[in-house]
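A closer look at the structure
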Amino acid sequence: MKTLKTLSLIFASILVVGLTSCSNDDDNTVEPVNEEEVITTLIVTMTSAGNPDITLTSDDPDGDGPNPPVITVSGPFVAGATYQGSVRVENRTEDPAENVTEEVEEEDDEHQFFFNATAGLQLTTTYGNFDGDGNPLGTQIETAAGTASAGSWTVTLRHVPKKPNDGTLADAGGETDIQVIFPVTIQ
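Below, the structure is looked at part by part. No experiment lies behind these values; they were computed from the predicted model shown. (Residues numbered from 1 in each chain as written. Predicted model: local features only at pLDDT ≥ 70, side-chain atom pairs only at ≥ 80, totals over all residues. Heavy atoms only, no water.)

1. What to know about unusual backbone geometry
With an omega of 5°, the peptide bond between Asp95 and Pro96 qualifies as cis. In the segment running from Lys163 into Pro164, the intervening peptide bond is cis, with an omega of -5°. Along the chain, Pro164 turns up in the loop between β9 (149–159) and α3 (169–172). The phi dihedral of Val160 falls on the positive side, at around 55°, and the residue is not glycine. Among the structural elements, Val160 can be located in the loop between β9 and α3. (Helix = DSSP H or I, 4+ residues; strand = E, 2+ residues; numbered from the N terminus.)

2. Some points on the packing of aromatic side chains
The relative placement of two aromatic rings is captured by the distance of their centres and the angle of their planes. Counted by the stated rule, this structure contains four aromatic pairs. Both rings, one in Phe77 and one in Tyr83, keep their centres 4.9 Å apart while their planes meet at 80°; by these two values the pair is edge-to-face. With respect to burial, Phe77 and Tyr83 carry one shared label: buried. Between Phe115 and Tyr127, the aromatic rings sit 6.0 Å apart at their centres with planes inclined by 65°, giving edge-to-face as the arrangement. With Phe115 in strand β6 (residues 111–117) and Tyr127 in strand β7 (residues 123–127), this pair connects stretches of sequence that are twelve residues apart. By relative accessible area, Phe115 is classed as buried at 13%. On the accessibility criterion, Tyr127 (25% relative accessible area) is partly exposed. Through pairs of rings, three or more aromatic residues link up here, namely Phe113, Phe115, Tyr127 and Trp153. (Phe/Tyr/Trp six-rings, centres within 6.5 Å; stacked < 30°, edge-to-face > 60°. Buried < 20%, exposed > 50% of the residue type's maximum accessible area, 1.4 Å probe, protein only.)

3. A word on the sheet that holds β6
Taking strand neighbours across the sheet as the criterion, the three strands line up as β6-β9-β10 in an open arrangement whose pairing is antiparallel. A strand with exactly one partner marks an edge of an open sheet, and here the two such strands are β6 and β10 (175–186). Each strand axis lies, on average, 15° off the axis of its neighbour in the sheet, ignoring direction. With seven bridges joining them, β6 and β9 adopt antiparallel strand pairing. Residue Phe114 lies in a different strand from β9, and its bridge partner there is Thr156. (Pairing = 2+ DSSP bridges. Axes fitted to C-alpha atoms, helices over the stretch in contact; angles between N-to-C directions.)

4. Quick notes on the layout of surface pockets
Put simply, the largest pocket is a space of about 320 Å³. Looking at the largest pocket, it is lined by 17 residues, and the ones nearest its centre are Ile39, Asp60, Gly63, Asp64 and Asp177. Among the elements that make up the lining of the largest pocket, the one with the highest residue count is β10 (four residues). Taken together, the residues of the lining of the largest pocket break down into six nonpolar, six polar and five charged. (1 Å grid on protein atoms, 1.4 Å probe; cavity = no way out; pocket = protein on both sides within 12 Å on 5 of 7 lines; lining within 4 Å. Points joined across faces, edges and corners; volume = space filled by probe spheres on them. Nonpolar A, V, L, I, M, F, W, Y, C, P; charged D, E, K, R; others polar.)

As structure tokens, this is what we get:
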């Protein structure tokens, strides 16, 4: 009986050593942590041949602090004009300000800008750049101004959206890094 107990202990020990030596836990590689970006400022710059440039800016120096962002639009869109645009995001809590757009473009498969005009605002936006898989990114855009109208144009940066998606925030999911609602006029 004592021999049977001893053999059982030896078998159990061999089994434990064998199972643990086959484990992939030996890989001590630490997964990088992708920290959420701090974004205080969003700037959309629009240019159109023969028309004044338009700059749309949201600046929130205290980030999630109590003060609301300061939102400015330099002027109206011209009816019938097409604009080439670029979207830039910054962290101005750093000195000098950190250009977060570079990180967004480097991690293009994990980010996407969305552009939504309220009903009645004749402003259509199309993507000008894409991630490595051919899905929209949106740091470069083209915007067509239709007939005279006014409303809101919302710019949203989503982190880790579903790609591809149907172009809506509801389908894309993910987390919102920044969302700004600009009052827009087309004249």
